[in-house]
Every structure is written in C-alpha cells, then in structure tokens.
Protein chains: 2
Amino acid sequence: MSQDEFLAAAIEEAKLGAEEGGIPIGSVLVIDGEIIGRGHNRREQRFSAILHAEMDCLENAGRLSPAEYRRSVLYSTLSPCDMCSGAALLYKIPKIIVGENVTFQGPEEYVRGRGVELEIVNHPECIALMRDFIEHYPELWNEDIGEV
Amino acid sequence: MSQDEFLAAAIEEAKLGAEEGGIPIGSVLVIDGEIIGRGHNRREQRFSAILHAEMDCLENAGRLSPAEYRRSVLYSTLSPCDMCSGAALLYKIPKIIVGENVTFQGPEEYVRGRGVELEIVNHPECIALMRDFIEHYPELWNEDIGEV
C-alpha cells in the first residue's frame, strides 16, 4: 500500500466517526507497510476526554514493543494536538503524516525539534470534513481542543 | 483537603495499581479543593498502551468544560511523560504536583515553558514504590516509557 492509500484509510476512519455522530478525525498506525491499528475520535461516542483519533488508534494497535513503535508511521487526518503529539514522542514514533493543518495546528515545530519527521499533506477531503464539522458543532470542537 | 492529602490520594491510587499487579503510578485531578477524578496506570490490567495514571484519571474525571480544566490541579506520583504532559497542555491545566522525578523525568522544562506551574515534591513513598517496581519488572517499565 502507498502513502496515499494509508491516508485514505485514515480518512475512512474519520468518515466512520462522522457517521457515528462524532468528530471526523481518523488515524492509522503503519508498521512495515501494514496497518497495525485504526481509530477515530470517540469523544461523543464513548463520552471520552482522551480518545482523540490518534489515541484510539494507538490503543487499538495494542501494546507494541519499543522496536515496533520506532519503525512505525502514524497517519492522522488532522495535525496532532499536544496530547497526541506527546503520545507519538513517548513511543518515539519517527514519522507522522498529517492530513491537514489548516483548520487546526498542533505543536508541529516542537515535535520536529524532538526529531520527528512531519509531512503535511493538506488533503482537500480532510480540510472539508473539519470545516463542515466546525461550522455545525463549534462547541464540541472547542471542547475537543480545550478552547473556550 | 490539603496538598499533602491530595498527593496521599494519588499514592493510594498507585498502591491500588500495585495490588492489581500493575505499574504503581497514581493520579488525581482536583478542582476547587475537591477530587474530581482518580486513576492509576492500567497498562497490565487493561492491556492498554495509553492508560498511564494521568490519562486514566482524566478519563475517569469525565468530559469537563475548558473553564473547569483551567482551574484544576493535576497530581501524579511520578513526573508526567510526554503523553501525559501533552494531555495537561491540551486542556490548559495550570498546575501539576509531581510526587517524584528521581526515577523518571518527563519534559518538565518544556511544560514550564508553556506556562504550567510544576511543583516537585520528591515524596519518599513515591520514590520507593517506583524503585521497587523497576527493580522487579524492568521490561514492563521500559515498555511503559517506550525505552528498549
């Protein structure tokens, strides 16, 4: 599978979240060219304060060895926030492919400074999903990113 | 309740984790002088890659408003790792009381640089819990902090 196809899988997760009435952000974790975990934001679905897409994906991937994380690539449809960036740093995930950073931007410079490769795609579908969601549910979105 | 009593509640959580066969790290979230959430590391118990003590505590506290997080204090028996520090940054938790940072140290300077007040207690009981655990289960500990 190619990078485009892995990002497409993350977008599928985001759409699944939207169908469930949740925040449309999706994520996949790839090791050795294979998707090991998939997830999407479940704030609404699980009434969760921590299940952002990347966290849900990492949890669904299961307990991996340090060596596995260190050759993994994390895909997210949206620029990872402080928490999700921190999770990637904890496990020393070396590369993150970001669907878009137009509607929200996490601590990208800090993450790069810690040695992580960040590639920003700015895929029109990722941007459209978030724009549409934020327009309709601004309060839920603000809650998700800790903003008043 | 005093700061000492809140830290004691976090230590109780850490001991509960140890009794369950887990990693002895505990956390409480305090708002307006009341414990709103409690948690402990559940890597072993839930086979979880994300339920560090602070994450478990934030999840158990439920979905709070940005205003509530902004007047909260997070207690952890151990210096928060990148992921848990990131969660505190996401929700703009202004103060973290750290039981100890002798056996492990998270990104404390970065967190301080982002405006969070960090108070390090170095409580002998917190240090002893971790020393004893790391001595007996070095591999589980390394997995928890993403180290080989």
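It should be emphasised that the depicted structure is a prediction, and the values quoted were computed from it without experimental measurement.

## Some points on the packing of helix α1 (residues 3-19) of chain B against helix α7 (residues 124-136) of chain B
All names here are of chain B.
Turning to step 1, where the next piece is worked out: The interhelical angle for the contact between α1 and α7, taken along N-to-C directions, is 15 degrees, at an axis separation of 11 Å. Relative to α7, α1 is oriented roughly parallel. Two packed elements cross with a definite hand, and for α1 against α7 that hand is left-handed. Contacts between α1 and α7 involve Ile 11, Ala 14 and Lys 15 on the former and, on the latter, Glu 125, Cys 126 and Leu 129.
Turning to step 2, where the next piece is worked out: Residue composition of the contact of α1 with α7, by class: four nonpolar, no polar and two charged.

## Considerations on the confidence of the model for chain A
Turning to step 1, where the next piece is worked out: Mean pLDDT for chain A: 97, with 100% of residues reaching 70 or above.
Turning to step 2, where the next piece is worked out: Both confidence scores are given for the complex: pTM 0.97, ipTM 0.97.

## Notes on the UniProt feature "domain: CMP/dCMP-type deaminase" (unreviewed entry) in chain A
Turning to step 1, where the next piece is worked out: Here, the residues flagged by UniProt with the feature "domain: CMP/dCMP-type deaminase" (unreviewed entry) are residues 1-118 of chain A.
Turning to step 2, where the next piece is worked out: Taken end to end, residues 1-118 of chain A has its terminal C-alpha atoms 19 Å apart, with 42% of it in helix and 20% in strand.

## Things to note about the nonpolar core
Turning to step 1, where the next piece is worked out: Ranked by size, the top nonpolar core spans 72 residues in total, and within it Met 83 and Trp 141 of chain A together with Met 83 and Trp 141 of chain B carry the most contacts.
Turning to step 2, where the next piece is worked out: Beyond its immediate stretch of four places on either side in the chain, Met 83 of chain A contacts Ala 49, Ile 50, His 52 and Met 55 of chain A together with Met 55, Met 83, Gly 86, Ala 87 and Leu 90 of chain B.

Rules used in this analysis
Residues numbered from 1 in each chain as written. Chains lettered and ligands numbered in written order. Predicted model: local features only at pLDDT ≥ 70, side-chain atom pairs only at ≥ 80, totals over all residues. Heavy atoms only, no water. Axes fitted to C-alpha atoms, helices over the stretch in contact; angles between N-to-C directions. Helix = DSSP H or I, 4+ residues; strand = E, 2+ residues; numbered from the N terminus. Parallel < 35°, antiparallel > 145°, perpendicular 65-115°, else oblique. Left-handed = near helix turned anticlockwise from the far one by under 90°. Contact = heavy atoms within 4.5 Å. Nonpolar A, V, L, I, M, F, W, Y, C, P; charged D, E, K, R; others polar. pLDDT = per-residue confidence, 0-100. UniProt positions renumbered as here; feature names shortened; annotations may be inferred. Core = buried A, V, L, I, M, F, W, Y, C linked by side-chain atoms within 4.5 Å. Buried < 20%, exposed > 50% of the residue type's maximum accessible area, 1.4 Å probe, protein only.

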